[in-house]
Amino acid sequence: MDAKKEEKKGRRGLPTQMHLFIRIAAGAYLLYLSYGIFSTQAQAQGVERVVFIGALILFAVIGGTVIISSLRSLQRGEYAGGAADTGENKNKEAEENKETERKRIRFEEPIEIREKEEEE
């Protein structure tokens, strides 16, 4: 079981640059939602107002945290292909690509060629 967990950890690696931009957009949307709640919370009364204020604080904190952490990761180059990428996962990816290339079916080749390649 531990070996599987370690294998999954090794596959995760760093997020891509696009993932960081998507996280920034999601954080901005959470901030937008908190602003929307702020503008409508004046109409609410009682318990509903308390829930609105709680949601406003929660969305603003989570959205701000996601934006700041993603911007920090972009600045430090902590994404696949960035300055902080050591390239350890590239070897694993290259090995996986070789395995999938061997398993691919190649069309318009005689069957004899495929059989010879499989024997090697």
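Residues numbered from 1 in each chain as written. Predicted model: local features only at pLDDT ≥ 70, side-chain atom pairs only at ≥ 80, totals over all residues. Heavy atoms only, no water.

(A) A look at the overall build of the protein chain. Counting secondary structure elements, the protein chain contains five helices and zero strands. Beginning at the N terminus, the succession of helices and strands in the protein chain can be written as α-α-α-α-α. For the protein chain, the proportion of its 120 residues judged to be buried stands at 17%. Partitioning the intrachain contacts of the protein chain with sequence separation of at least 6 by distance along the chain shows that 64% fall at a separation of at least 24. Surface exposure of the protein chain reaches about 10200 Å², of which carbon and sulfur atoms provide 56%. (Helix = DSSP H or I, 4+ residues; strand = E, 2+ residues; numbered from the N terminus. Buried < 20%, exposed > 50% of the residue type's maximum accessible area, 1.4 Å probe, protein only. Contact = heavy atoms within 4.5 Å. Areas by Shrake-Rupley, 256 points an atom, 1.4 Å probe, with all protein chains shown as cover.)

(B) How the structure looks around helix 3 (residues 47-76). The end-to-end C-alpha separation of helix 3 is 43 Å, in line with the 44 Å expected for 30 residues at 1.5 Å each. Taken together, the buried positions of helix 3 are occupied by L56, G63, G64, I67, S70, S73 and L74. Tucked into the core, helix 3 has its buried residues touching helix 2 (17-40). (Expected span 1.5 Å × (residues − 1).)

(C) Geometry of the pattern of salt bridges. In this structure the tally under the stated criterion is one salt bridge. A salt bridge links E78 to R76; its shortest N-O distance comes to 3.8 Å. A residue is classified by how much of its surface remains accessible, and E78, at 28% relative accessible area, is partly exposed. (Salt bridge = Lys/Arg side-chain N within 4 Å of Asp/Glu carboxyl O.)

(D) Broad picture of a nonpolar patch on the surface. On the surface, M18, F21 and I22 cluster together into a nonpolar patch covering about 320 Å² of accessible area. Of note, F21 is situated in helix 2. Owing to a relative accessible area of 42%, F21 belongs among the partly exposed residues under this scheme. (Patch = residues over 30% accessible without salt bridge, like charges linked within 9 Å, V, L, I, M, F, W, Y side chains within 5 Å.)

(E) Representation of the side chain of S34 within the structure. In this structure, S34 sits in helix 2. Of the polar contacts made by the side chain of S34, one reaches the backbone oxygen of L31; its length is 2.7 Å. Non-local contacts of S34, meaning those with residues more than four positions away in its chain, are made with L56, F59 and A60. (Polar contact = N/O pair within 3.5 Å; in protein donor to acceptor, adjacent residues only side chain to side chain.)

(F) Expanded view of the side chain of S73. With respect to the helices, strands and loops of the structure, S73 is situated in helix 3. Judged by relative accessible area, which is 15%, S73 ranks as buried.

(G) Structural context of the packing of helix 2 against helix 3. At a closest axis distance of 8 Å, the pairing of helix 2 and helix 3 adopts a crossing angle of 155 degrees. In terms of orientation, helix 2 lies roughly antiparallel with respect to helix 3. Helix 3 is crossed by helix 2, and the crossing has left-handed handedness. Class assignment for the residues of the contact of helix 2 with helix 3 results in 19 nonpolar, eight polar and one charged. (Axes fitted to C-alpha atoms, helices over the stretch in contact; angles between N-to-C directions. Parallel < 35°, antiparallel > 145°, perpendicular 65-115°, else oblique. Left-handed = near helix turned anticlockwise from the far one by under 90°. Nonpolar A, V, L, I, M, F, W, Y, C, P; charged D, E, K, R; others polar.)

(H) Highlighting the environment of A83. Secondary-structure assignment places A83 in the loop between helix 3 and helix 4 (88-103). If we ignore the near neighbours within four places in the chain, the residues touching A83 are R76 and G77.

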